[in-house]
Amino acid sequence: MEIPIYKTYCGKCKKEVEAFVRERIFENNTHHLEARCPSCHKFFKYLPHPVDPAVDPLDNLILYFGKYKGQRVVDIAKKDREYLTWVYESATSLKEGVRDKIDEILARG
Ligand SMILES: [Zn+2]
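Quick notes on the rules
Residues numbered from 1 in each chain as written. Predicted model: local features only at pLDDT ≥ 70, side-chain atom pairs only at ≥ 80, totals over all residues. Pairing = 2+ DSSP bridges. Helix = DSSP H or I, 4+ residues; strand = E, 2+ residues; numbered from the N terminus. Buried ≥ 20, exposed ≤ 12 C-beta atoms within 10 Å, placed from the backbone. Axes fitted to C-alpha atoms, helices over the stretch in contact; angles between N-to-C directions.

### Quick look at the pairing of strand E4 (residues 31–36)
Part 1 of the reasoning: Two strands pair when backbone bridges link them, and strand E3 (residues 20–25) and E4 are joined in this way by 6 bridges, in the antiparallel orientation. For Val21, the partnering residue across the bridge sits in E4 and is Ala35.
Part 2 of the reasoning: The pairing of E4 with strand E5 (residues 43–47) spans 4 bridges and is antiparallel. What sits directly across from Leu33, in E5, is Leu47.

### A few points about the environment of Asp80
Part 1 of the reasoning: In this fold, Asp80 is placed in the loop between helix H1 (73–79) and helix H2 (81–90).
Part 2 of the reasoning: Look at Asp80 and you get partly exposed, because 15 C-beta atoms sit within 10 Å.
Part 3 of the reasoning: Asp80 sits 12 residues away from Tyr68 along the chain, and the two C-alpha atoms are 9.7 Å apart.

### Notes on the sheet that holds E3
Part 1 of the reasoning: Strand order across the open sheet formed by 3 strands is E3-E4-E5, with antiparallel pairing between neighbours. What marks the edges here is a single partner per strand, and that holds for E3 and E5. Adjacent strand axes in the sheet meet at a mean angle of 30°, parallel and antiparallel pairs treated alike.

Structure, rendered in structure tokens:
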């Protein structure tokens, strides 16, 4: 994924800087580009995320709990389908939309 260049004025460093941009994935599986000052690390803003149409968003779904925390659900489905099925069947408190997506991934076979 391409990281955009974001130039802004840092009030702390009192100069124009090219922000340090990195991708962050939040617990609700949304991806954000976080822009910070490269020298003082002051947080500027979250930039709109460029969507890569070639990547199925399902493939980017990250499990945010359990033994495979931080891993992609599609990868977990490949190596431990039993666990993923268990998550789907027993975890009733999954965040909105996550359960449906797991179901979709499991349905792919
Ligand atoms: Zn700064």
